[in-house]
Each structure stands twice: as C-alpha cells, then as structure tokens.
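Notes for the structure review
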Amino acid sequence: MPRQARLDAPGTLHHVIIRGIERRRIVDDEIDRRRFVARVGELALATDTKVYAWALLTNHAHFLIASGPKGLPPFMRRLLTGYAVTYNLRHRRHGHLFQNRYKSIVCDADSYFTELVRYIHLNPLRVGLAQDLSELERYPYCGHGVVLGRIRNDWQDREHVLSWFGGTEKEAVKAYREFVREGISLGRRPELVGGGLVRSLGGWSEVLSLRRQGKRELSDERILGSGEFAERVLKETQRSLRQRYWGRGLEKQVQKLIAVMCQKHKVTVQELRSGSRHGRTAQARADLIQRLVKRHGFPLAEIARQVGISTSGVSRVLSRAQSLST
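The sections below set out a description of the structure shown in this document. The structure displayed is predicted, hence computed values, not measured ones.

Quick notes on the pattern of salt bridges
Evaluated as defined, the whole model comprises ten salt bridges. A salt bridge links glutamate 22 to arginine 24, with the shortest nitrogen-to-oxygen separation between them at 2.5 Å. For arginine 24, a relative accessible area of 47% puts it in the partly exposed group. Beyond isolated ion pairs, a larger network of salt bridges with shared partners links Asp29, Asp32 and Arg90.

What follows is the structure, encoded as structure tokens:
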C-alpha cells in the first residue's frame, strides 16, 4: 500500500516520533546526546520551528512541534540526515540509523496540547532514565526541566507552554508541575501516539455510539482531532502544497543551483552527473550535495537522482565532508 503524503502547513502542530532502525540505539553516550540536542536547537532557531515538548530516549525520540514557514519536512530531513552522518562517522558505521520514515501526527491543539506535553515529558520516567519527578526536573535530555525553569535553553518555547497553565509564571509553573504529577498514573497513553477515528474519539465505544446514531465523522490516520478539525487540516494542507511546490517552482530552483555550481567549477551538467570521482567534477558534486542537504534539507534519494550517483554515494560524500570539517 503506498504511503500517504505528509500533512503540513506553516504553524501546524505535530507529534513527531523518530525511531532507530530495527529499534536500535540512536544515541550511545553523552556526546551523542549533546550533539543530537544541539542540532535540534540549531535547526529550530534557523527554521523558526517551535518546539514545545521533547524527550530524547535511547532508541527513539518524541517532539511536539509547530512547523516553521517552510514546513516540517525540511526541518526533519536536516535534523535526521545531519545527525546520522555525524553518528556514523563517529562510530565508524554505515547505513541507515533511523527507520525509513519518521512518524508525524497532526494534532488539534485545543483538545490535545497539554496532554501531549505531559505525555512526552513523562517518557524518560516511564523507561527508567529518570527515577522520580525530582530527577526528571534535572534530566537534561527532555523539555520538562526547561518548562519548570530548572534548565535553560533558547530554542524551546517555554512561555507558550506555560500560557496554558496560568496567567503568571509562578502559578503556571505550579499548575504544570501538578498536572504532570497527575499523569504518572495514566500509563503509556497509546491514544496519543497516532491518529484516526478510534484515537480521536477516545476509543471504540465512542465510535460505536456514533454509528448507532447514524453519524459520520471524518477521520485520517495522520490526524488526532475531531472530524471538523480533520477537514480543516486536509484543506489547508492542499493549499499549502500548491503554494510550496508549484508556486515556488522547486524543481527550477534546483536546476538553477546545479547550473551555478557547474559554472563555478567549470564543468558541464553532463559531467556532473557522469559519476566521475575525480578533479573538478567530484568537487562540484560534493559542494552541490552539501548545499542541497544543509540549506534545503533535500532527502538523500532525491539528491542522488539529481547528481547521478547512488544514495550510498551521497552519504559517503557527506561523511568525507564532515570528516574534513572536524
């Protein structure tokens, strides 16, 4: 069954889940954790992506994010591709680090924002990376301590989260802390890690009740929210996609960049795509690949198509570039 397109538009609220391939580790030690978090922060600021809640675990991570002006996919591609290249180089490994596709669920903020913040921030406690709430407040690889003011960073939108809990910082922090405490007994909350009709309505009993009444509710596996919310998201996404890909002429931008890079290195487009690993051709290709990844967040498979080499070849070019810069 073909996978569905991402639902996204600037400002859309997403619960994003990334997992290591075959549930393997995505971080091995403190250096990996610090590098991962630093990359999240750097890209959040660079792309104006709002991060409200997050938790980095051993083999997966959760984020509650509002996408920036250019949408969620460029942010996620730059995060995952850049980190994977660094991780593979440091640990002398090759191949994919993450599952082929991160999971993103578009969420109705009015119904789920505070619940998702709580669910995401309790993850380290659930898996034993923090032993109690006091330790969770000091745990540096989760946004809980940031909301409480125990840990500081300049890229997590602490003020927006607290605005849901009170009019002043003091009362909001107190209410948030108690809200999180009350969530411990709720367990793993599987209804918050996906979309669709059952999760959006709160269980099969609600679905059956609607059916008995002869009512229909629009739903989508990519959306956590009411039928009205799902309809609004689908319409907005279609409008955003038309503007982003047709209005901007993305393919034309790529072709223009290729022409500029070829002119700079005095090679032809045919030479660039010939697969040659020597001289000016290889340098032009390497510069182009780095530009497409770092500035535009293109996936490796698409870059491979544009420059005429394999995806693994693109990955090797990025690894060599990273090695030379460290």
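Here we look at the pairing of strand β1 (residues 13–19)
Burial runs high along β1: six of the seven residues are buried. Relative to strand β3 (residues 60–66), β1 is paired through seven bridges, and the arrangement is antiparallel. What sits directly across from isoleucine 17, in β3, is histidine 62. Sheet topology places β1 next to strand β4 (residues 103–107); four bridges connect them, and they run antiparallel. In the strand pairing of β4, histidine 14 is matched with valine 106.

Structural notes on helix α3 (residues 109–121)
Over its 13 residues, α3 runs 17 Å from end to end, which matches the ideal 18 Å to within 8%, given 1.5 Å per residue. The sharpest bend along α3 reaches about 25 degrees and sits at glutamate 115. Taken together, the buried positions of α3 are Tyr112, Phe113, Thr114, Leu116, Val117, Arg118, Tyr119, Ile120 and His121. At the N-terminal end of α3, a side-chain oxygen is found 3.2 Å from the backbone nitrogen of aspartate 110, two or three residues along, and the residue is aspartate 108.

Here we look at the side chain of threonine 12
By secondary structure assignment, the location of threonine 12 is in the segment before β1. Its relative accessible area of 15% is what places threonine 12 among the buried residues. Residues contacting threonine 12, with those up to four places away along its chain left out, are Ile65, Ala66, Ser67 and Val106.

Focus on the packing of aromatic side chains
Aromatic ring pairs: the centre-centre distance and the angle between the two ring planes describe each pair. If you walk through the whole model with that rule in mind, you get ten aromatic pairs. Here phenylalanine 36 and tyrosine 83 contribute two aromatic rings whose centre-to-centre distance is 5.1 Å and whose plane-to-plane angle is 85 degrees, an arrangement assigned as edge-to-face. Taken together, the residues span a long stretch of sequence, with phenylalanine 36 in helix α1 (residues 30–47) and tyrosine 83 in helix α2 (residues 72–91) at a distance of 47 residues. Given a relative accessible area of 2%, phenylalanine 36 falls into the buried group. Look at tyrosine 83 and you get buried, because its relative accessible area is 2%. Seen in terms of ring centroids, tryptophan 54 and tryptophan 155 are 5.4 Å apart; in terms of plane orientation they differ by 45 degrees. Their pairing is tilted. Note that tryptophan 54 is positioned in strand β2 (residues 50–56) and tryptophan 155 in the loop between α6 (144–148) and α7 (158–163), a separation of 101 residues in sequence. Relative accessible area serves as the criterion here: at 3%, tryptophan 54 is assigned to the buried category. Its end group placed over the ring of phenylalanine 179, arginine 118 keeps NZ or CZ at 3.7 Å from the ring centre.

Brief notes about the nonpolar core
Of all hydrophobic cores here, the largest spans 63 residues; its most connected members are Ile18, Phe36, Leu56, Phe63, Leu64, Met76 and Phe98. Examining the composition of this core, we find that eight residues originate from one element, α2, more than from any other. For methionine 76, the contacting residues outside a window of four places in its chain are Val16, Ile18 and Tyr102. Residues Val85, Cys262, Leu288 and Leu292 belong to the second largest nonpolar core, which totals 20 residues.

Some points on the pairing of β3
Along any regular strand, the residues point their side chains to alternate faces of the sheet. With seven of its seven residues buried, β3 lies for the most part within the structure. Every second residue of β3 is oriented toward a common face, with His60, His62, Leu64 and Ala66 on one face and Ala61, Phe63 and Ile65 on the other, all of them buried. In this structure, β2 lies alongside β3, joined through six bridges in antiparallel fashion. By the bridge assignment for β3, valine 51 is matched with isoleucine 65. The turn joining β2 and β3, which pair antiparallel and follow one another in sequence, is formed by three residues.

Observations regarding unusual backbone geometry
In the Ramachandran plot, arginine 23 falls in the positive-phi region, its phi being about 60 degrees despite a non-glycine side chain. Mapped onto the elements of the fold, arginine 23 is located in the loop between β1 and α1. The phi dihedral of arginine 92 falls on the positive side, at around 55 degrees, and the residue is not glycine. Secondary-structure assignment places arginine 92 in the loop between α2 and β4.

Considerations on the packing of α1 against α2
Helix packing for two helices is described by the angle between their axes and how far apart those axes are. The contact between α1 and α2 brings their axes to 10 Å, and the two run at 155 degrees. Between α1 and α2, the crossing angle belongs to the class labelled roughly antiparallel. Once α1 is placed against α2, the crossing between them reads as right-handed. Contacts between α1 and α2 involve Ile31, Asp32, Arg35, Phe36, Arg39, Val40, Leu43, Ala44 and Thr47 from the first element and Phe75, Arg78, Leu79, Gly82, Tyr83, Thr86, Tyr87, Arg90 and His91 from the second. Classifying every residue of the contact of α1 with α2 by side-chain character gives nine nonpolar, four polar and five charged.

Scoring rules and cut-offs
- Residues numbered from 1 in each chain as written.
- Predicted model: local features only at pLDDT ≥ 70, side-chain atom pairs only at ≥ 80, totals over all residues.
- Heavy atoms only, no water.
- Salt bridge = Lys/Arg side-chain N within 4 Å of Asp/Glu carboxyl O.
- Buried < 20%, exposed > 50% of the residue type's maximum accessible area, 1.4 Å probe, protein only.
- Helix = DSSP H or I, 4+ residues; strand = E, 2+ residues; numbered from the N terminus.
- Pairing = 2+ DSSP bridges.
- Expected span 1.5 Å × (residues − 1).
- Bend = angle between axes of the 7 residues up to and from the residue.
- Polar contact = N/O pair within 3.5 Å; in protein donor to acceptor, adjacent residues only side chain to side chain.
- Contact = heavy atoms within 4.5 Å.
- Phe/Tyr/Trp six-rings, centres within 6.5 Å; stacked < 30°, edge-to-face > 60°.
- Lys NZ or Arg CZ within 6 Å of the ring centre and 35° of its normal.
- Core = buried A, V, L, I, M, F, W, Y, C linked by side-chain atoms within 4.5 Å.
- Axes fitted to C-alpha atoms, helices over the stretch in contact; angles between N-to-C directions.
- Parallel < 35°, antiparallel > 145°, perpendicular 65-115°, else oblique.
- Left-handed = near helix turned anticlockwise from the far one by under 90°.
- Nonpolar A, V, L, I, M, F, W, Y, C, P; charged D, E, K, R; others polar.

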